[in-house]
Amino acid sequence: NAGVTQTPKFRVLKTGQSMTLLCAQDMNHEYMYWYRQDPGMGLRLIHYSVGEGTTAKGEVPDGYNVSRLKKQNFLLGLESAAPSQTSVYFCASNLGRNDYNEQFFGPGTRLTVL
Amino acid sequence: AQSVSQHNHHVILSEAASLELGCNYSYGGTVNLFWYVQYPGQHLQLLLKYFSGDPLVKGIKGFEAEFIKSKFSFNLRKPSVQWSDTAEYFCAVMSRGSYIPTFGRGTSLIVHP
């Protein structure tokens, strides 16, 4: 099992550019999440999905969109990047079924917006 | 809304020192509790978790945590830290029936050899 993978690992954008981050998991997990990690702020939830075809807003959803067309993939889009979106983005998944299951995290994407 | 507080933002220890990292949460109902560790340049991984039973739980690499319901706390401990424990530690709380954890802001631990 590869677990949770993220593409790309690094990216530099100019203000106003768009991009999509891809998260894939091969564990047949129901739940998937996108977080951003900023110094001193911990992990903040951007969007999440409780199953294929569903998405929901998290704590900091503005400026981001997501899609989960396939159970194993969860895409995070930035339509018009801003410097405030410079961060490290982590994807996570959870088996679901029991609420004591932990999250499994991907390796992260370091995004810089100039 | 639920909140999670990690009081120690930065901790610096020498090898063999004992460690205790605090975690308090605000939710009054039944919760599941987690500690995750993030080694430098790596992703978060689970250290240990509590959902029922013995309030003293043991995790990987000699870590343990104690759930004290009356204090809304889930503190992480290790009797003797090693240089390789240098990492960031996150406490997370999930209400029963929810699959959305709330994370604390993290504690950065540096262990000097």
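Residues numbered from 1 in each chain as written. Chains lettered and ligands numbered in written order. Predicted model: local features only at pLDDT ≥ 70, side-chain atom pairs only at ≥ 80, totals over all residues. Heavy atoms only, no water.

A word on the pairing of strand S12 (residues 107-112) of chain B. All names here are of chain B. Across five bridges, the pairing between strand S2 (residues 10-14) and S12 is parallel. When the sheet's bridge partners are listed, His10 is paired in S12 with Ser108. Summarising the sheet, strand S10 (residues 87-95) and S12 pair through three bridges and their orientation is antiparallel. Of the residues in S12, the one forming a bridge with Glu88 is Ser108. (Pairing = 2+ DSSP bridges. Helix = DSSP H or I, 4+ residues; strand = E, 2+ residues; numbered from the N terminus.)

This brings us to the state of the cysteines. All names here are of chain A. All chains considered together, the criterion is met by two disulfides over all chains. Each sulfur of the disulfide joining Cys23 and Cys91 lies 1.9 Å from the other. Disulfide Cys23-Cys91: torsion about the S-S bond near -75°, hence left-handed. Placement of Cys23 in strand S3 (residues 19-25) and of Cys91 in strand S9 (residues 87-94) is noted, with a sequence separation of 68 residues between them. (Disulfide = S-S within 2.5 Å.)

What follows deals with the sheet that holds strand S8 (residues 73-78) of chain A. Residue and element names in this part refer to chain A. The sheet built from four strands is open, its strands ordered S1-S3-S8-S7 with antiparallel pairing. Across the chains shown, the open sheet's two edge strands, defined by having one partner strand only, are strand S1 (4-7) and strand S7 (65-67). For this sheet, the mean angle separating the axes of adjacent strands, direction not counted, is 20°. Relative to S3, S1 runs antiparallel, the two sharing four bridges. Bridging from a neighbouring strand, Thr5 pairs with Ala24 of S3. (Axes fitted to C-alpha atoms, helices over the stretch in contact; angles between N-to-C directions.)

Further remarks concern the interface of chain A and chain B. Facing 23 residues of chain A, the contacting portion of chain B comprises 22 residues. With both chains or domains summed, chain A and chain B bury close to 1800 Å², and 60% of this area falls on carbon and sulfur atoms. Note that Glu102(A) is salt-bridged to Lys49(B), the shortest N-O span being 2.8 Å. Summed over the shared surface of chain A and chain B, the result is four residue pairs in polar contact (both at pLDDT 80 or more). Sorting the residues of the side of chain A that touches chain B by element identifies strand S4 (31-38), strand S5 (42-49), S9 and strand S10 (103-105) of chain A as the ones contributing at least two each. Residues belonging to the side of chain A that touches chain B are distributed by class as follows: eleven nonpolar, nine polar and three charged. (Contact = heavy atoms within 4.5 Å. Buried area = accessible area lost by both parts, 1.4 Å probe. Salt bridge = Lys/Arg side-chain N within 4 Å of Asp/Glu carboxyl O. Polar contact = N/O pair within 3.5 Å; in protein donor to acceptor, adjacent residues only side chain to side chain. Nonpolar A, V, L, I, M, F, W, Y, C, P; charged D, E, K, R; others polar.)

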